[in-house]
Amino acid sequence: MNFALAAVLLPLLAAVLALCWRRQAARLVWLSTLFSLLLALAALWQVVTFGPASMQLGGWQTGLAIRWQLNELSALLLLMTALIHSLVASYSLSQWRDAGLSADFWPLSALLQSALSSLFLSVDLFNWYVTLELLGLAAVALVLLSGKKALQAAMRYLLLSLAASLCYLLGVALLYGHYGWLDVPQLAVAISEEPVDHRLALWLITAGLMLKAALWPLHVWLPAAHAAAPAPVSALLSALVVKGPLFMLYMIWSQLAGPELAVTGSWLFLLTGSMALVVGGWSALRTPYAKVMVAYSTVAQLGYGLLALGLMLHLTDPAFTQALFIFVLAHALAKTSTFLAVGEMQLRLGGKRLSTFRGASQTMPLAMFAVAVAGGSLIGLPPSGGFVAKWQLLLPLWQHSQLWWLLPVILAGTLLSAAYIFRLVVLAFNRAKPVRPDFAPALLPQWLALLPALLVWMLAFASGSLLSWLGG
Amino acid sequence: MSLVHWYLLIAAGLWGIGCYGLIRGPELLRRIIALNLMGAAVFLVMVTLAARTDPADGVLHALVLTGLVVAVSATAFALALVARTLSESA
Amino acid sequence: MSGDFWFDALLGLLLLLLALATILARQLAAAVMLYVVFGLMLALAWARLGAADLALAEAAIGAGLTGALLFSALARQPKSLAPAQGAGRVERLPALLLCSAISAVLGWTLWQLPLQPQHSQLPAALEQLGSSGTEHLVTAVLLNFRAWDTLLELLVLLLALLGTRLVAAPEPAALQHWPLARQWSKRLLPLLVLVAFFVLWRGATAPGGAFQAGALLAAALVVLRLNGQLPALRFDFWWVRALILAGVLAFLLAGLLSLWLNWQPEQAAQWLRWPLPLAKGLILLIELSATLAIGLTLTLLVVGERKELGA
Amino acid sequence: MTELQTLLWPGADFAVPEGPVALWFGFTLLLWLCAGLYSFSTINQRKVLYWSSFSLAMVGNLLLLLAQDVLGFYLGFALMSLSAYGLVIHSGKGAARRAGRLYLQLAIFGELLLFAALLLRVDAADGALAISDLQAAALTPLTLSLLLLGFGLKAGFFPLHIWLPQAHPAAPAPASAVLSGAMIKAGLFGLWQFIPAGDGLLLLWLPWLLVLCFSSAFFGALLALLHRKTKVVLAYSSVSQMGYLLLALVLYWSSPADYQAQAAWLLVWYACHHALLKSALFLAAGTASSYRLQSWHWLALLWPLVSLTALPLSSGAAVKYGLKQELGQGIFANWSLLPGLLTIGALSTALLAWHLLALLREQHQPTKPKLPSTASFSWLVLVLASLSMPWWLTQLQPLWWQALQPAGILAAGWPVLLAAGLYWWWQHGGRPLPASWQDPVSPALGWSLWLKSCYQTQSSRQQAWPPPQWRKQERRANRWLTQQALLPLASSTLLAVILLLWLLS
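All values reported here derive from a predicted model rather than from experimental measurement.

Reading the values: rules and limits
Residues numbered from 1 in each chain as written. Chains lettered and ligands numbered in written order. Predicted model: local features only at pLDDT ≥ 70, side-chain atom pairs only at ≥ 80, totals over all residues. Heavy atoms only, no water. Helix = DSSP H or I, 4+ residues; strand = E, 2+ residues; numbered from the N terminus. Rg over C-alpha atoms; globule rule 2.2 N^0.38 Å. Contact = heavy atoms within 4.5 Å. Areas by Shrake-Rupley, 256 points an atom, 1.4 Å probe, with all protein chains shown as cover. Lys, Arg positive; Asp, Glu negative; His and termini not counted. Charge placed at Lys NZ, Arg CZ, Asp CG, Glu CD. Core = buried A, V, L, I, M, F, W, Y, C linked by side-chain atoms within 4.5 Å. Buried < 20%, exposed > 50% of the residue type's maximum accessible area, 1.4 Å probe, protein only. Patch = residues over 30% accessible without salt bridge, like charges linked within 9 Å, V, L, I, M, F, W, Y side chains within 5 Å. Salt bridge = Lys/Arg side-chain N within 4 Å of Asp/Glu carboxyl O. Axes fitted to C-alpha atoms, helices over the stretch in contact; angles between N-to-C directions. Left-handed = near helix turned anticlockwise from the far one by under 90°. Nonpolar A, V, L, I, M, F, W, Y, C, P; charged D, E, K, R; others polar. 1 Å grid on protein atoms, 1.4 Å probe; cavity = no way out; pocket = protein on both sides within 12 Å on 5 of 7 lines; lining within 4 Å. Points joined across faces, edges and corners; volume = space filled by probe spheres on them. Expected span 1.5 Å × (residues − 1). Bend = angle between axes of the 7 residues up to and from the residue. Disulfide = S-S within 2.5 Å. Buried area = accessible area lost by both parts, 1.4 Å probe. Polar contact = N/O pair within 3.5 Å; in protein donor to acceptor, adjacent residues only side chain to side chain. Domains from an automatic or database assignment.

**So, the overall build of chain A**
And step 1. Summing up its helical and strand segments, chain A has 21 helices and 2 strands in all.
And step 2. For 472 residues, the compact-globule estimate of 2.2 N^0.38 gives 23 Å, and chain A sits close to it at 21 Å.
And step 3. A separation of at least 24 residues holds for 80% of the contacts in chain A among residues at least 6 apart in sequence.
And step 4. Accessible area for chain A stands at about 13,200 Å²; split by element, carbon and sulfur atoms hold 66% of it.
And step 5. Positive and negative charge centroids in chain A, built from 23 and 13 side chains respectively, lie 23 Å apart.

Pasting the structure below:
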């Protein structure tokens, strides 16, 4: 627990220091991400060796205090947060001057990391509300770093995110009104002892979180916001920020929904997940802009998360929990790589349309390779992390066989993702009239973009440990 | 009908009005005001729920206070954003 | 039918009416004005519901500050705006139906809530109040039981300021400095600052606390600045930054200090657990720095200089 | 190996190989090390690409030999196949890119088929992931054909050889050496490991596979005679030799249970023999094209050719003799045509060897730079390993000794002498081949280009879809949705979702 605490506090401290000492902001935050990566690793090690731990902040009794829970799942998510942040920070540091990234990026991203880590550790409904707000405001501020062109998108993102927070808060108020608990495990006990009609609370919370996590049909703000942001920010948003509310949805539905409500909820998640896969994939295929395509791909990929969540509720099979979180990890890594590489190519090739990438396999082979490798995981090619997640989703589904209609949906989603990835790759391999880079591409950012893509393929090699950690 | 029920119903009405304002707008500023109305409704629910016991539930009051500050921060940010957006589009 | 009943009935209806008028008012300026009145009425209602702390906070923050923010946003709006501002026209009827349905469902659910809560954190909180370092329950919850929420909330405030700086919103139209207002502010302001610190001090035992005090302080600073009696406040000044970060820093330092004092090698660390003898002092320290930070942050949010930022 | 399973993927299992597989692992490792040493001093351009592909492919190749479970095997196989692409396109020239494209298309296609086949096998074995557990499960026609196609595309026997004569000449010499020596053997290894011997369906299919063996053997050798580039000739020789290796595998499958171990050993000996001599020959060809051949180089070059033609004293003689012997004992014992076919095969192999020797002599130029000594050393190691194979493989000695009897000498000798005569007559006495027959262009390149044009259109087809007016509507809808109506629509959706769910639950 000590390591986890340090992994939350270190970025927070770094953010405050970076605001005071602005000249060294970049280096400070970069160092803090590296150290917090080590701390998160240590926290994971601690959980695996000594078992889960929990902490009452302030040492007060359960209910009065906010509770943090460190188990394999939260430790993994903590590690994911620290890893993506350190990758993105290294990338931003390596091409800071060229990209014209404002110095404000550093404290904001450190705050984001701290908020997200705190969210993954916490099991308190109201503390989640505050971290969610922190997350939302930090995300909007980060989107604004690209200046004028991001204004509209940021404004819509902010307004919708505020509305969603209010829905969530109303749900929490209703739950507290019913049961008088904010601590999720305690609330789960209270609900199972004395079930009353808490449907509306749950739906308010669910809808709010679905909007925050950009799950279909509440995803409309996402493509513009993620596409308008600077590349490192898009990577953070797509890889991490949407995962926070998804994690909360999982916690709330797996613990607070009674058996009957869980079935209704599962239908919601199955249907919206299917729609997300198809509609998101289709939009990604049709858009002429590279970053919008990657953003729509996030919408589509989150469909897998929804499907896993829905199936977990429907069939109560722990395999789907594993699928959900392996998917979360794999998508985070793959999307980081895609956004960083696409951003780097946009910067050097000078255009945001897909057609800018013509011949990129010649002009920027490393970055293009990163996109292709990460795309392989998004499609779910073996033996990538995306494949493991999909495998973990399909295998039990195949055995249960009453939800057979999901198989063609998943197939369609896979084909669509293959189509939009290949659309980009084919353009890049078109050597007839390659778009020349405006200035010489630097190698280091491209390698840093490639790194998460390679990591996501490594994920398959560690799938045994992942499955055993997530299955427990 | 008790005091608590009456104010809870008022809060429900406020929430609906706020939602309508959020959907209808049409100005961005009015949407922000509508969001604040929705927030006021939520806080009213919490305060009213706190008033069910005697003395009133201080824990809920503290939560409302936190919520208020969060709401005013977000409003300030949103207002600045809207002002800039409008001046760009004008 | 007692007088109380009529008062509550009228207040409730007035709240609804004001809210409706805010949404439907043709002029935005009228809407803002109505919203401020609504905020004051809401504060009244909260006072009726036994939440004096919140009534104070709502009057200062909800109505006062939000109103000031809305007015300053209104002043910044370009005049030459098309009425619809490019926003899509919405079919009124479906929206109306949807919202009334939501309202009805919410009302129905709220109606079902038990009048006597099954369980509440209140008894536990009252029981632990003695060992929290403060006698006032709300302050105890904010700065001891759920101090992590409050720390994060200070960060939210900080983020709002950072975001606002990034936006680089246009300057409000130039203000006229009335001589009368200047005189009034000169006389009244020391009083206001005094009241602010009184509210802060009282927070340890009775309604009041850092946020209310911070809001009052901000009100004083805003008035001073608007009357041109205060030099420009800029985030670039190191002392402004230090004061703004003071709340978070005090929190963090107190937390680290108590981590160190509570440290036991074989046990997990305890975050934000104030050692009992130091609790009162630590809470007061945090409150004081938080008040300054909140006051200055809110001031900057309303009247912050934006010239330095450029587009 | 339970720790591996919890640490890596489920079912993960690796083991140090034993028996025939150990020999297979050994010669593969030796090949990679020698090729690495040779590349060390001869690869001067695009080193990052070369060495990253080289090391990844090597890791994959060794991984698949160590893997005891399906997933581990597949991972190694995929890693090896896909990274070899980097070796093929290393020179960056047009021919290399064309060959690389064909290679990649077929490799990915093969991976897909193989993956499907392995899934079917695992399913047939009730989800068991260990390779040894798959042996008990019966084959179906679909699985068998998928396995044959998937592994065959890597193993490169006729008619799945089409990438081989393109890729080998394009790659640098040490890369061709491992491609031909180690990597195509991995396809054969897969067939050996994943198709259980004695399966009923397999026995039915064996005669057809036998046809495949001999057509591959003859086709490779004959096509090689038409080409004048040494590396192409060597590649076709590999196609031809893969026919013999497949024959050894077919004999293993058809052999009675008590004879199976011996058959397995023979298969591995043959693979080892061919791997060593073919990689030595590829290094020789690579050396001849860019360096000066010194006099001892000619000796080092001659020995693999001797071994290829199975002249006595060589390992080739021993394994060929073993093959003949085995052919006389299995279910094909009363197929009287087969020994004759083998003899014709020996004749065609000898023709190929003479052709190769002539080409090497023709191409040799004494003005080129000297071969670096580390490269010479690694080449020499391979030749010596091939030369001494009967000595360090004691089990091979009986066969080797039998091949050294007068009957064996005669049987091995006369095709070579006859081939010498025939080749001399063909070159000097007979009519030359028509020019259009020389160096024929493989139709596979055309197919590859066609396939490329399918997924990489630049024509109007892409722009014509969707129809223009539909596109206009799509854009208008997008603009309305993302610019004007977004906020009201999104917020009302939010509320509608809540309301709808409340109503439905």
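**Quick word on the nonpolar core**
And step 1. In terms of nonpolar packing, the biggest core is built from 548 residues, with Tyr 168 of chain A, Trp 15 of chain B together with Trp 46, Trp 148 and Trp 271 of chain C touching the most fellow members.
And step 2. If you tally residues by element for this core, the top one is helix 7 (residues 151-179) of chain A, at 22 residues.
And step 3. Among the nonpolar cores identified, the runner-up in size contains 7 residues, and Ala 350, Leu 351, Val 416 and Tyr 423 of chain D belong to it.

**Comments concerning a positive patch on the surface**
And step 1. Judged by side-chain charge, Lys 149, Lys 352 and Arg 353 of chain A together with Lys 472, Arg 475, Arg 476 and Arg 479 of chain D come together as a positively charged surface patch.
And step 2. Along the chain, the position of Arg 476 of chain D falls in helix 22 (residues 468-484).

**What to know about the packing of helix 3 (residues 52-76) of chain C against helix 9 (residues 210-226) of chain C**
All names here are of chain C.
And step 1. One can describe the packing of helix 3 onto helix 9 by two numbers: an axis separation of 9 Å at closest approach and a directional angle of 35 degrees. Considering how the two elements wind past one another, helix 3 and helix 9 form a crossing that is left-handed. Where helix 3 abuts helix 9, its residues Asp 53, Leu 56, Ala 57, Ala 60, Ile 61 and Leu 65 lie against Phe 211, Gln 212 and Ala 215.
And step 2. Broken down by class, the residue content of the contact of helix 3 with helix 9 amounts to 7 nonpolar, 1 polar and 1 charged.

**Overview of empty space enclosed by the protein**
And step 1. Across all of its chains, the model carries 16 cavities of 30 Å³ or more by this definition.
And step 2. In this structure, the largest cavity spans a volume of roughly 130 Å³.
And step 3. Forming the walls of the largest cavity are 13 residues, and the residues nearest its centre are Leu 162 and Leu 166 of chain A together with Leu 35, Ala 71 and Thr 75 of chain B.
And step 4. Mapped onto the lining of the largest cavity, the elements with two or more residues apiece are helix 6 (125-143) and helix 7 of chain A together with helix 2 (28-50) and helix 3 (58-89) of chain B.
And step 5. In the lining of the largest cavity, the residues fall into 8 nonpolar, 4 polar and 1 charged.

**Topic: helix 8 (residues 179-202) of chain C**
Residues and elements named next belong to chain C.
And step 1. With 24 residues, helix 8 should reach 34 Å at 1.5 Å per residue; the first-to-last C-alpha distance of 34 Å fits that figure.
And step 2. Taken as a whole, helix 8 carries its principal kink of about 40 degrees at Leu 188; the proline Pro 190 stands between one and four residues after it.
And step 3. When helix 8 is considered as a whole, its buried residues turn out to be Ser 185, Leu 189, Ala 196, Val 199 and Leu 200.
And step 4. Buried residues belonging to helix 8 abut helix 3, helix 9 and helix 11 (276-303).

**Considerations on the state of the cysteines**
And step 1. Applying the stated criterion across every chain, the model contains 0 disulfides over all chains.
And step 2. Not engaged in a disulfide, the cysteine Cys 272 of chain D finds its nearest cysteine sulfur in Cys 34 of chain D; these two sulfurs lie 12 Å apart.

**Some details on the interface of chain D and chain B**
And step 1. Between chain D and chain B, the residue contacts involve 5 residues of the former and 5 residues of the latter.
And step 2. Approximately 450 Å² of surface area, both sides summed, lies buried where chain D meets chain B, with 84% of it carried by carbon and sulfur atoms.
And step 3. If you look at where chain D meets chain B, you find 0 salt bridges.
And step 4. At the junction of chain D with chain B, the criterion picks out 0 residue pairs in polar contact (both at pLDDT 80 or more).
And step 5. Across the side of chain D that touches chain B, the residue classes tally to 3 nonpolar, 2 polar and no charged.

**Some thoughts on the domain arrangement of chain A**
Residues and elements named next belong to chain A.
And step 1. When cut into domains, chain A gives domain 1 (1-122) and domain 2 (123-471).
And step 2. Put simply, the middle of domain 1 and the middle of domain 2, counted by C-alpha atoms, are 20 Å apart.
And step 3. Across the boundary between the two partners, domain 1 contributes 40 residues, which contact 51 residues of domain 2.
And step 4. Of the roughly 4,000 Å² buried between domain 1 and domain 2 on both sides combined, carbon and sulfur atoms contribute 81%.
And step 5. Summed over the three residues of domain 1 that lose the most area to domain 2, namely Tyr 91, Leu 112 and Leu 119, the buried surface amounts to 17% of that side.
And step 6. Remark: the boundary between domain 1 and domain 2 carries 1 salt bridge.
And step 7. Here Asp 183 and Arg 67 are joined by a salt bridge, their closest N and O atoms 2.6 Å apart.
And step 8. Every element with two or more residues in the side of domain 1 that touches domain 2 is listed here: helix 2 (25-50), strand 2 (67-70), helix 3 (72-94), helix 4 (96-99) and helix 5 (105-121).
And step 9. Its residues placed into classes, the side of domain 1 that touches domain 2 shows 23 nonpolar, 13 polar and 4 charged.

**Here's the deal with the pattern of salt bridges**
And step 1. Here the structure, examined in full by the defined rule, presents 10 salt bridges over all chains.
And step 2. A salt bridge links Glu 27 of chain B to Arg 30 of chain B, with the nearest nitrogen and oxygen atoms 2.9 Å apart. Take Glu 27 of chain B and Arg 30 of chain B: they sit in the same class, and that class is buried.
And step 3. Notably, a salt bridge pairs Glu 88 of chain B with Arg 84 of chain B, separated by 3.0 Å at the nearest N-O pair. Pair noted here: Glu 88 of chain B and Arg 84 of chain B are both in helix 3, with a separation of 4 residues, about one helical turn.
And step 4. Residues joined by salt bridges that share partners form a network here, namely Asp 124 of chain A together with Arg 146 and Asp 149 of chain C.

**Considering the interface of chain B and chain C**
And step 1. Counting residues at the interface gives 68 residues for chain B and 89 residues for chain C.
And step 2. Summed over both sides, the interface of chain B with chain C buries roughly 7,100 Å², with 78% coming from carbon and sulfur.
And step 3. Of all residues in chain B, Tyr 20, Arg 30 and Arg 52 of chain B bury the most surface against chain C, accounting for 10% of the area lost on that side.
And step 4. Our count for the contact surface shared by chain B and chain C stands at 13 residue pairs in polar contact (both at pLDDT 80 or more).
And step 5. Secondary structure elements with two or more residues in the side of chain B that touches chain C: helix 1 (3-24), helix 2 and helix 3 of chain B.
And step 6. Of the residues assigned to the side of chain B that touches chain C, the class counts are 47 nonpolar, 14 polar and 7 charged.

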